[in-house]
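Structural features, examined
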Amino acid sequence: MRKNTPLVSIVVPVYNAAADLDRCLNSLISLEHTKLYEIILVDDGSKDDSGKICDRYREEYDFFKVIHQKNAGVSIARNVGIEQATGKYIMFVDADDYLMPSAIQSMIYDAQSNYDLVIYDSYFDMGECRRHSYPEVKKIETSQEISIDIAYSMFLKLQNNEPFSKLYATSVIKEAQVKFPVDVRLGEDLIFTLQFLKKVKKVMYVPKALYMHIDSIAGLSKQNTSLKAIYDYDAMFNAMLSFVSEMNIEERHYNEVISSVLQSVTNYSGKLYTNGCSKNKITATFKEYSWYNVILSNKYKEYKSILRKFLLKNRFYYIISKTFNK
């Protein structure tokens, strides 16, 4: 039984990830730091050998915890991991992703600070690997505190909504009872982070890419494109609008939200059309939600937003699919 309090709790929801799980878990092991962090594996009712692999790592390393549960989805799996976390910070890792060499060392060092949120860059592998960074902090070359206003923009512009590549202060999560919503299938990551940001005072940005995200069709977080998913987008958009209103930052961030909603709706309309959904069904579904008229009546300054509005308003979904969904 471990007696020390870890600096970082790494929460890994696992579902049918046997093919990639060893790669993921091996990347999380830094033997010289084992007393400073813990790894919490939540096996979400996997039907392959994922559960056995989790148990094997628990037997070999005392800083692994394993929870087996009936399949309940990625949000509940992450919430269970949060409940079990005892570290000063929580980091989320998807089972088909992995950390870069020296990532644990860097996180342990940064976890000795007193920030509520630590944000890193990351790599995305979507057939080819590219580094994802944030335009707002592109000139920052060393770790430093950033304003909470910059942090708001990072997320409201939908630049990286996923919970990975970040250290969340456990005390903030638990005191504010922040949880991943379980009634939506898309946008739950952003909804969680916006709830968290309401209580955040200090943010640090670290210009290091520590995380490799594999964009594949397998795993807990991947969802099929369908009209039913618009309900989930609606929950995400309403969370964004409520956030800027509640935090009294509409003057600075309202247009960011509307532009982000326009971008998301446009991209998704192209995917729906590509998947065989008719123009009439797409348009009729969008019209059911209040944000549809808002994004079509808003005045935009950026060329891409003006183009998106024009194509969406005129139902040019085929052109959208070829222009924005490559």
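Before reading further, recall that the structure is shown in the block above.
Reference entry: report on the structure contained in this document. (Residues numbered from 1 in each chain as written. Predicted model: local features only at pLDDT ≥ 70, side-chain atom pairs only at ≥ 80, totals over all residues. Heavy atoms only, no water.)

Side chains Y89 and M91 of strand 4 (residues 89-92) all project onto a buried face; the interleaved residues I90 and F92 project onto the opposite face, where all are buried too. Here two bridges tie strand 4 to strand 9 (residues 166-169), and the two strands are oriented antiparallel to one another. Counterpart to Y89 in the pairing with strand 9 is A169. (Buried < 20%, exposed > 50% of the residue type's maximum accessible area, 1.4 Å probe, protein only. Helix = DSSP H or I, 4+ residues; strand = E, 2+ residues; numbered from the N terminus. Pairing = 2+ DSSP bridges.)

All right, on to helix 12 (residues 303-313) then. Taken together, the buried positions of helix 12 are S305, R308, K309, L311 and L312. On its buried face, helix 12 is in contact with helix 9 (250-274), helix 10 (279-286), helix 11 (290-297) and helix 13 (317-324). Where helix 12 terminates, the next one or two residues include R315, which has phi positive at roughly 60°. (Contact = heavy atoms within 4.5 Å.)

Time to look at the layout of surface pockets. Roughly 550 Å³ of volume is contained in the second largest pocket. Lining of the second largest pocket is provided by 16 residues; of these, N255, S259, S260, E302 and S305 occupy positions nearest its centre. For the lining of the second largest pocket, the secondary-structure elements that each account for two or more residues are helix 9, helix 12 and helix 13. With five residues, the single largest contributor to the lining of the second largest pocket is helix 9. The class makeup of the residues in the lining of the second largest pocket is two nonpolar, seven polar and seven charged. (1 Å grid on protein atoms, 1.4 Å probe; cavity = no way out; pocket = protein on both sides within 12 Å on 5 of 7 lines; lining within 4 Å. Points joined across faces, edges and corners; volume = space filled by probe spheres on them. Nonpolar A, V, L, I, M, F, W, Y, C, P; charged D, E, K, R; others polar.)

With that settled, the discussion passes to unusual backbone geometry. Peptide bonds are mostly trans, and most non-glycine residues show a negative phi. The phi torsion at N16 lies on the positive side, around 50°, for a residue other than glycine. Relative to the assigned elements, N16 resides in the loop between strand 1 (8-14) and helix 1 (18-27). The class of N16 is partly exposed, set by a relative accessible area of 32%. Positive phi outside glycine occurs at Q177, with the angle close to 55°. On the secondary structure map, Q177 appears in the loop between helix 6 (170-175) and helix 7 (188-197).

Between helix 9 and helix 11, the least distance of the axes is 10 Å, while the angle of their chain directions is 105°. Judged by the inter-axis angle, helix 9 sits roughly perpendicular to helix 11. Here Y254, I258, V261, L262 and V265 of helix 9 lie close against helix 11, whose contacting residues are W291, V294 and I295. For the contact of helix 9 with helix 11, a count of residues per class yields eight nonpolar, no polar and no charged. (Axes fitted to C-alpha atoms, helices over the stretch in contact; angles between N-to-C directions. Parallel < 35°, antiparallel > 145°, perpendicular 65-115°, else oblique.)

Another aspect to go through is empty space enclosed by the protein. Any empty space left between atoms is shown by rolling a water-sized probe over those atoms. Scanning the model with the defined rule gives one cavity of 30 Å³ or more in all. Lining the largest cavity we find I230, Y233, S264, V265, Y268, F286 and W291. Take the lining of the largest cavity: its biggest share by element is three residues, from helix 9. Taken together, the residues of the lining of the largest cavity sort by class into six nonpolar, one polar and no charged.

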